[in-house]
Amino acid sequence: MEELAYKIKADFLKTLAHPVRLQIVEFLKSGEKNVGAIVKTLGIPQSSLSRHLLVLREGGILKSRQQGTATYYNIEDHDIFQVLRPIAEMLRKKLKRTEAVLNSLGKGKVGFQKEGEAK
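Computed from a prediction, not measured in an experiment: that's the story for all the values here.

1. Digging into helix α5 (residues 80-107)
Stage number 1. Under the 1.5 Å per step criterion, the end-to-end length of α5 is 41 Å for 28 residues, consistent within 8% with the ideal 40 Å.
Stage number 2. Listed as buried for α5 are I80, F81 and L84.
Stage number 3. Those residues of α5 that are buried lie in contact with α1 (2-16), α2 (19-28) and β3 (70-75).

Structure, rendered in structure tokens:
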């Protein structure tokens, strides 16, 4: 039973594990949008966007509705942002640590010399 829980969690995370899908989720944070608006704003080709929207919908992250010929997408459960927020915070901390290391490298004397220069 525990293995099944891990598989379900892994499948859910796989659904989000693509930069375009994360971009779509963040874009829809502000509310429902139709496919045309998503294509125009994010600059993603419609065929590619359709595949990603399907994955997100089947994964339970997005919901859709038809209005005439237009399809509208929205976030199924805004709790998804409670998952994404800590990840963003962890990445910010990691970036700060990396930045600190890079800054410390710039402060020390670098041991490079031009050919022919005395030490």
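Having seen it, we continue.
2. Things to note about the packing of helix α3 (residues 35-42) against helix α4 (residues 46-58)
Stage number 1. The contact between α3 and α4 brings their axes to 10 Å, and the two run at 115 degrees. In the crossing of α3 with α4, the sense of the turn from one axis to the other is right-handed. Residues V35, I38 and V39 of α3 lie in contact with α4, whose contacting residues are Q46, L49 and L53.
Stage number 2. A breakdown of the residues in the contact of α3 with α4 according to their chemical character gives five nonpolar, one polar and no charged.

3. Considering the pattern of salt bridges
Close approach of charged atoms allows side chains with opposite charge to pair.
Stage number 1. Counted under the stated rule, the structure contains four salt bridges.
Stage number 2. The partner of D11 in a salt bridge is K7, with the nearest N and O atoms 2.8 Å apart. With D11 and K7 both in helix α1 and four residues apart, this pair spans about one turn of that helix.
Stage number 3. Since its relative accessible area comes to 30%, D11 is described here as partly exposed.
Stage number 4. Here D11 and K14 are joined by a salt bridge, their closest N and O atoms 3.6 Å apart.

4. Focus: the packing of aromatic side chains
Stage number 1. Applying the stated criterion across every chain, the model contains zero aromatic pairs.
Stage number 2. Over the face of the ring belonging to F27 we find K33, whose NZ or CZ atom lies 5.2 Å from the ring centre.
Stage number 3. Residue placement shows R65 over the ring face of Y72; its charged tip is 4.6 Å from the ring centre.

5. A few points about the sheet that holds strand β2 (residues 62-67)
Stage number 1. Reading across from one edge, β1-β3-β2 is the order of the three strands in this open sheet, with antiparallel pairing throughout. For this open sheet the edge positions go to β1 (33-34) and β2, each flanked by a neighbour on one side alone.
Stage number 2. Strand direction decides the pairing type here: β2 and β3, joined by six bridges, are antiparallel. What sits directly across from K63, in β3, is N74.

6. Structural notes on the nonpolar core
Stage number 1. By size, the foremost hydrophobic cluster in this structure holds 20 residues, and its most contacted members are I24, V25, L28, I38, L53 and L62.
Stage number 2. Elements represented by at least two residues in this core include exactly α2, α3, α4, β3 and α5.
Stage number 3. In terms of residue count, the dominant contributor to this core is α2 (five residues).
Stage number 4. Each residue touching I24, except ones within four places of it in the same chain, is listed here: L42, I44, L49, H52, L53, L56 and L62.

7. Here we look at a nonpolar patch on the surface
Stage number 1. A contiguous nonpolar surface patch, about 330 Å² in accessible area, is contributed by L13, V83, I87 and L91.
Stage number 2. The element best represented in the nonpolar patch is α5, accounting for three residues.
Stage number 3. Along the polypeptide, L91 turns up in helix α5.
Stage number 4. Looking at L91, the relative accessible area reads 52%, which means it is exposed.

What counts as what
- Residues numbered from 1 in each chain as written.
- Predicted model: local features only at pLDDT ≥ 70, side-chain atom pairs only at ≥ 80, totals over all residues.
- Heavy atoms only, no water.
- Helix = DSSP H or I, 4+ residues; strand = E, 2+ residues; numbered from the N terminus.
- Expected span 1.5 Å × (residues − 1).
- Buried < 20%, exposed > 50% of the residue type's maximum accessible area, 1.4 Å probe, protein only.
- Contact = heavy atoms within 4.5 Å.
- Axes fitted to C-alpha atoms, helices over the stretch in contact; angles between N-to-C directions.
- Left-handed = near helix turned anticlockwise from the far one by under 90°.
- Nonpolar A, V, L, I, M, F, W, Y, C, P; charged D, E, K, R; others polar.
- Salt bridge = Lys/Arg side-chain N within 4 Å of Asp/Glu carboxyl O.
- Phe/Tyr/Trp six-rings, centres within 6.5 Å; stacked < 30°, edge-to-face > 60°.
- Lys NZ or Arg CZ within 6 Å of the ring centre and 35° of its normal.
- Pairing = 2+ DSSP bridges.
- Core = buried A, V, L, I, M, F, W, Y, C linked by side-chain atoms within 4.5 Å.
- Patch = residues over 30% accessible without salt bridge, like charges linked within 9 Å, V, L, I, M, F, W, Y side chains within 5 Å.
- Areas by Shrake-Rupley, 256 points an atom, 1.4 Å probe, with all protein chains shown as cover.

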